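Structural description and commentary
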Amino acid sequence: MSSPKRVRELATASPVDSETRDVLRAFFDGPRLRALPAQRRKKEIVLEEVLRRLPRRREYREPELNRFIEVVHPDFCTIRREWIMGGYMEREAGVYKLAPRGRTVIDGG
(Lines give C-alpha, C1' and ligand atoms only; values in the text may rest on other atoms or scores of the structure.)
Protein backbone atom coordinates (compact mmCIF):
# COMPACT_ATOMS: atom_id res chain seq x y z
CA MET A 1 0.00 0.00 0.00
CA SER A 2 1.77 3.12 -1.21
CA SER A 3 -0.54 5.48 0.62
CA PRO A 4 1.79 8.45 1.28
CA LYS A 5 2.63 8.47 -2.41
CA ARG A 6 -1.07 8.10 -3.29
CA VAL A 7 -2.04 11.04 -1.08
CA ARG A 8 0.72 13.18 -2.65
CA GLU A 9 -0.48 12.22 -6.12
CA LEU A 10 -4.04 13.15 -5.27
CA ALA A 11 -2.90 16.37 -3.62
CA THR A 12 -1.11 17.49 -6.79
CA ALA A 13 -3.16 15.87 -9.55
CA SER A 14 -5.45 18.28 -11.36
CA PRO A 15 -8.32 15.84 -12.14
CA VAL A 16 -9.02 15.48 -8.39
CA ASP A 17 -11.21 18.26 -7.07
CA SER A 18 -10.10 20.42 -4.16
CA GLU A 19 -12.75 18.92 -1.83
CA THR A 20 -11.24 15.45 -2.26
CA ARG A 21 -7.71 16.73 -1.66
CA ASP A 22 -8.82 18.63 1.43
CA VAL A 23 -10.68 15.64 2.87
CA LEU A 24 -7.74 13.28 2.29
CA ARG A 25 -5.33 15.74 3.90
CA ALA A 26 -7.65 16.24 6.87
CA PHE A 27 -8.36 12.58 7.60
CA PHE A 28 -5.17 10.76 6.58
CA ASP A 29 -1.81 10.99 8.31
CA GLY A 30 0.40 9.41 5.68
CA PRO A 31 -0.81 5.83 5.29
CA ARG A 32 -3.05 5.92 8.37
CA LEU A 33 -6.65 7.04 8.58
CA ARG A 34 -7.03 9.28 11.64
CA ALA A 35 -10.82 8.95 11.89
CA LEU A 36 -13.89 8.34 9.77
CA PRO A 37 -15.68 11.58 8.92
CA ALA A 38 -19.22 12.06 10.19
CA GLN A 39 -20.46 13.82 7.05
CA ARG A 40 -21.65 11.36 4.41
CA ARG A 41 -19.82 12.88 1.40
CA LYS A 42 -16.52 13.10 3.24
CA LYS A 43 -17.00 9.56 4.55
CA GLU A 44 -17.53 8.33 0.97
CA ILE A 45 -14.30 10.00 -0.17
CA VAL A 46 -12.39 8.30 2.66
CA LEU A 47 -14.03 4.89 2.17
CA GLU A 48 -13.30 5.00 -1.56
CA GLU A 49 -9.65 5.87 -0.90
CA VAL A 50 -9.26 2.93 1.50
CA LEU A 51 -10.97 0.68 -1.04
CA ARG A 52 -8.47 1.74 -3.74
CA ARG A 53 -5.64 0.62 -1.46
CA LEU A 54 -6.83 -2.99 -1.30
CA PRO A 55 -4.91 -5.57 -3.30
CA ARG A 56 -6.92 -6.44 -6.43
CA ARG A 57 -8.71 -9.74 -5.95
CA ARG A 58 -12.00 -11.30 -7.01
CA GLU A 59 -12.92 -12.03 -3.42
CA TYR A 60 -11.62 -11.47 0.09
CA ARG A 61 -12.08 -13.71 3.11
CA GLU A 62 -13.04 -11.74 6.19
CA PRO A 63 -9.79 -12.32 8.17
CA GLU A 64 -7.58 -11.21 5.28
CA LEU A 65 -9.79 -8.19 4.59
CA ASN A 66 -9.47 -7.28 8.27
CA ARG A 67 -5.67 -7.41 8.01
CA PHE A 68 -5.65 -5.15 4.94
CA ILE A 69 -7.92 -2.59 6.55
CA GLU A 70 -6.11 -2.74 9.89
CA VAL A 71 -2.99 -1.35 8.21
CA VAL A 72 -4.98 1.82 7.51
CA HIS A 73 -7.30 1.99 10.56
CA PRO A 74 -7.80 -0.21 13.64
CA ASP A 75 -11.62 -0.22 13.39
CA PHE A 76 -11.83 -2.63 10.45
CA CYS A 77 -15.33 -3.75 11.45
CA THR A 78 -16.78 -0.29 10.89
CA ILE A 79 -15.05 0.15 7.55
CA ARG A 80 -16.25 -3.26 6.32
CA ARG A 81 -19.78 -2.45 7.46
CA GLU A 82 -19.67 0.97 5.75
CA TRP A 83 -18.52 -0.66 2.50
CA ILE A 84 -21.50 -3.04 2.65
CA MET A 85 -24.01 -0.31 3.57
CA GLY A 86 -22.60 2.02 0.91
CA GLY A 87 -22.88 -0.62 -1.81
CA TYR A 88 -19.13 -0.90 -2.39
CA MET A 89 -18.95 -4.56 -1.37
CA GLU A 90 -21.20 -7.57 -0.95
CA ARG A 91 -20.79 -10.30 1.66
CA GLU A 92 -21.84 -13.92 1.55
CA ALA A 93 -20.70 -16.61 4.00
CA GLY A 94 -17.74 -14.55 5.23
CA VAL A 95 -16.51 -13.80 1.70
CA TYR A 96 -16.47 -10.22 0.46
CA LYS A 97 -16.65 -9.23 -3.20
CA LEU A 98 -16.69 -5.86 -4.90
CA ALA A 99 -20.17 -4.70 -5.80
CA PRO A 100 -20.70 -2.69 -9.01
CA ARG A 101 -20.15 0.61 -7.15
CA GLY A 102 -16.88 -0.73 -5.69
CA ARG A 103 -15.68 -1.90 -9.10
CA THR A 104 -16.41 1.58 -10.49
CA VAL A 105 -14.25 3.13 -7.76
CA ILE A 106 -11.40 0.69 -8.35
CA ASP A 107 -11.53 1.07 -12.13
CA GLY A 108 -11.49 4.85 -11.85
CA GLY A 109 -14.95 5.34 -13.33
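This text follows the structure it describes.
This is a predicted model, so every value here is computed, not measured.

Observations regarding the overall build of the chain
The helix and strand tally for the chain stands at six helices and five strands. If you list the helices and strands of the chain from N to C, you get α-α-β-β-α-β-α-α-β-β-α. Counting all 109 residues of the chain, 44% fall into the buried class. Taking as baseline every contact in the chain between residues at least 6 positions apart, the subset at least 24 positions apart corresponds to 47%. Surface accessibility of the chain: about 6300 Å² in total, with carbon and sulfur atoms responsible for 49%.

Regarding the environment of E19
For E19, the location among the structural elements is in helix α2 (residues 18-27). For E19, a relative accessible area of 36% puts it in the partly exposed group. Separated by 26 residues in sequence, E19 and I45 have C-alpha atoms that sit 9.2 Å apart. What E19 contacts, discounting residues up to four positions off in sequence, is R41 and I45.

A short note on the sheet that holds strand β3 (residues 60-61)
Overall, antiparallel pairing links the three strands, which are arranged β3-β5-β4 in an open sheet. In the strand order of this sheet, the two ends are held by β3 and β4 (89-92), each with one partner. The strands touched by helix α5 (residues 76-85) within the sheet are β4 and β5 (95-98), with β4 carrying the most contacts at an inclination of about 105 degrees.

Looking at helix α6 (residues 100-107)
Think of an α-helix as turning once every 3.6 residues; residues three or four places apart then point the same way. Regarding α6, the residues found buried are G102, V105 and I106. With its buried residues spanning 95 degrees around the axis, α6 presents them on a single face. In the segment just after α6, G108 is the residue with positive phi, at about 80 degrees.

A look at the nonpolar core
In this structure, L33, L51, L54, L65, W83 and M89 are the most contacted members of the largest nonpolar core, which totals 24 residues. Elements with a contribution of two residues or more to this core: α2, α3 (40-52), α4 (62-72), α5, β5 and α6. Residue contributions to this core peak at five residues, all from α3. Sequence-distant contacts of L54, defined by excluding residues within four places in its chain, comprise Y60, L65, F68, W83 and M89.

Thresholds applied
- Residues numbered from 1 in each chain as written.
- Predicted model: local features only at pLDDT ≥ 70, side-chain atom pairs only at ≥ 80, totals over all residues.
- Heavy atoms only, no water.
- Helix = DSSP H or I, 4+ residues; strand = E, 2+ residues; numbered from the N terminus.
- Buried < 20%, exposed > 50% of the residue type's maximum accessible area, 1.4 Å probe, protein only.
- Contact = heavy atoms within 4.5 Å.
- Areas by Shrake-Rupley, 256 points an atom, 1.4 Å probe, with all protein chains shown as cover.
- Pairing = 2+ DSSP bridges.
- Axes fitted to C-alpha atoms, helices over the stretch in contact; angles between N-to-C directions.
- Arc of directions from axis to C-beta.
- Core = buried A, V, L, I, M, F, W, Y, C linked by side-chain atoms within 4.5 Å.

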